Amino acid sequence: MRAATSAGSVSQDPADLTAARADRSGWPSPAPPAVVVRAAGVDDVCAVLRLAHEYRVPVVPRGAGTGLAGGAVAGPGELVLSLERMNRIRELSPADMIAVVEPGVRAAELDQAAAAHGLRYAPDPASLDISTLGGNIATNAGGLRCAKYGVTREAVLGLDVVLPGGELLRTGRRTVKGVTGYDLTALLVGSEGTLGVVVAAALRLQPIPPGQPATIAAYFRDAHAAAAAAGAVLAAGVTPALLELLDARFLAALDAWRGTDLRARGQALLLAQTDGAGAAADADRLAAAIREHATVVEISTDPASADELLAARRLALPAIERLGRPLIEDVAVPRSRLADMVEAIARIGERHDVVVATLAHAADGNLHPIFVVDPAEAVAGTGIGGAELDATAGDPGAPQVPEAVWRAADEVFTTALEMGGTLTGEHGVGLLKRRWVAAELGDGSVDLQRRLRAVFDPRGILNRGKVLPDPANTAAV
Ligand SMILES: Cc1cc2nc3c(=O)[nH]c(=O)nc-3n(C[C@H](O)[C@H](O)[C@H](O)COP(=O)(O)OP(=O)(O)OC[C@H]3O[C@@H](n4cnc5c(N)ncnc54)[C@H](O)[C@@H]3O)c2cc1C
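Cut-offs applied
- Residues numbered from 1 in each chain as written.
- Predicted model: local features only at pLDDT ≥ 70, side-chain atom pairs only at ≥ 80, totals over all residues.
- Heavy atoms only, no water.
- Buried < 20%, exposed > 50% of the residue type's maximum accessible area, 1.4 Å probe, protein only.
- Helix = DSSP H or I, 4+ residues; strand = E, 2+ residues; numbered from the N terminus.
- Pairing = 2+ DSSP bridges.
- Axes fitted to C-alpha atoms, helices over the stretch in contact; angles between N-to-C directions.
- Near = heavy atom within 4 Å.
- Polar contact = N/O pair within 3.5 Å; in protein donor to acceptor, adjacent residues only side chain to side chain.
- Areas by Shrake-Rupley, 256 points an atom, 1.4 Å probe, with all protein chains shown as cover.
- Nonpolar A, V, L, I, M, F, W, Y, C, P; charged D, E, K, R; others polar.

Draft legend 1. Quick look at the pairing of strand β4 (residues 79-82). The side-chain alternation of β4 yields two buried faces, one formed by Leu79 and Leu81 and the other by Val80 and Ser82. Looking at chain direction, strand β2 (residues 35-38) and β4 are connected through four bridges and run parallel. Its bridge partner lying in β4, valine 35 is registered against leucine 79. One ladder, built from four bridges, connects strand β3 (residues 59-62) with β4; its direction is parallel. Bridge assignment links valine 59 to a residue of β4, and that residue is leucine 79.

Draft legend 2. Main features of the sheet that holds strand β5 (residues 89-93). Judged by pairing direction, the sheet is antiparallel, and its five strands sit side by side in the order β5-β6-β10-β8-β9 without closing on themselves. With one partner strand each, in any of the chains shown, β5 and β9 (168-172) form the two edges of the open sheet. Put simply, the sheet's adjacent strands are angled 10 degrees from each other on average, direction ignored. Relative to strand β10 (residues 197-204), strand β8 (residues 156-162) runs antiparallel, the two being bridged by six bridges. Note on β10: the bridge partner recorded for valine 156 is leucine 203.

Draft legend 3. Summary view of the site of the ligand. Inspection of the region around the ligand gives 34 residues, with Pro61, Gly63, Thr66, Ser127 and Thr132 positioned closest. Within the contact set of the ligand, an oxygen atom lies 2.6 Å away from a backbone nitrogen or oxygen of proline 61. Measuring from an oxygen atom of the ligand, one finds a side-chain N or O atom of asparagine 463 at 2.9 Å. For the ligand, the protein covers 96% of the area, taking 980 Å² as the surface of the free molecule. Looking at the shell around the ligand, the elements with two or more residues in it are β3, α4 (133-139) and β10. The biggest single contributor to the shell around the ligand is α4, with five residues. Its residues placed into classes, the shell around the ligand shows 13 nonpolar, 17 polar and four charged.

What follows is the structure in structure tokens.
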């Protein structure tokens with residue numbers, strides 16, 4: 001491997017191997033992988049996948065390891081293929097409104113480079129500063145702006161992908177329209193590193209909307225009323241640029257940490273933003289729709305005070321982390337069922353006597369119920385998922401999750417499916433949700449997807465045992 005790849009790319013340093021055992025879901029593999037290869041270019045990726053295919057070595061593609069589903073978790077005998085060093089913006093064309101990037105570029109970096117031309121890269125996962133675009137593409141990441149501007153899939157026009165065996169494949173195109181052949185680009189986006197390794201992407205850029213956005217913060221007697229107001233917003237004929245819901249547990253955690261008085265205004269918060277030339281008038285229209293459900297409604301068009309209103313959303317996860325180890329879940333339901341799902345999650349938490357806080361990308365019906373595990377042990381600063389492995393420490397194994405939390409999570413997933421929803425709106429299946437996949441897709445679809453995967457990866461070396469329940473390796477986490 002050393003001879004086939006560029007100098008310094010192969011590491012068996014215990015710190016590198018230990019870091020590759022986990023992602024931000026907090027679920028480490030039982031033991032470290034065999035080796036980490038940090039690709040410096042496409043040739044390295046081709047060489048690794050050619051040799052791995054030949055010798056049947058399992059490969060785990062890895063971006064920044066911020067995933068929340070265990071997708072980048074690597075274990076014994078596995079080769080970790082890190083794409084972080086491939087981090088150049090190869091081209092930024094204002095005329096075509098596209099950028100061509102390598103997989104290790106961060107969305108925030110691309111957004112900043114595009115801003116110099118009055119453009120932006122729209123998908124903005126909350127991890128846009130710390131995750132890679134390769135990882136965002138592999139998970140089809142969502143973000144706050146996706147309410148109006150679409151998820152990652154809508155921004156990807158074409159991909160360069162290396163297949164197991166080392167063949168470089170180009171999919172899609174750099175035109176905005178194009179329908180020649182099957183849409184392999186759409187298939188690869190969200191495939192969680194199971195079909196090929198993304199080594200470059202042609203991404204659509206959009207003009208930065210003119211003027212200042214208008215921001216609304218509305219408070220409610222409970223989360224159900226906030227979800228009902230989100231429904232009223234969506235029916236008001238204005239698409240908000242973002243629409244985020246936080247429940248009472250988030251507000252209490254923020255008040256306790258920041259000394260704010262959010263709970264004096266209500267037991268749930270809905271944040272909405274409108275943008276573009278008519279932002280202020282659109283915000284008035286949305287505020288009118290919200291008011292009949294709300295206890296307090298505040299509007300701002302001034303950037304500084306808008307930022308203050310949005311601080312609650314920005315600080316929500318760190319606030320919850322102070323209460324204990326967070327297990328971040330991710331389900332989505334049809335938008336009309338958002339209020340029902342918010343209520344169902346609260347009831348499930350009560351029934352199983354577990355602490356659960358809910359935030360939602362309300363415009364997408366995408367909810368993140370966050371179970372607070374070990375609430376007695378506040379672990380501020382450990383990072384989401386709480387698993388920061390220490391190479392010098394003994395094997396910590398998978399962190400313990402109380403059985404009641406598993407039962408509650410299981411009920412959340414089945415309830416989402418019963419409502420016509422999905423197991424994961426944006427974080428992916430990875431390792432952690434395999435056991436529920438067949439319940440959503442059905443056996444026929446799982447079987448077809450297995451066969452499709454085998455066309456790309458006949459020896460099953462890429463992200464083995466992830467995403468699809470593998471009949472040969474069904475060991476659930
Ligand atoms: C604080 C925080 C906030 C977050 N907010 C959001 C959010 O708002 N929206 C959201 O969707 N997610 C969010 N996430 C989850 C995570 O950031 C995303 O899933 C992100 O897309 C993962 O990118 P990564 O580079 O860290 O990928 P990794 O975690 O390294 O990998 C994720 C998956 O992609 C595969 N992969 C990585 N790179 C490639 C490649 N080049 N080719 C093929 N496969 C590859 C891996 O094998 C794995 O299956 C958040 C996470 C954190 C910690």
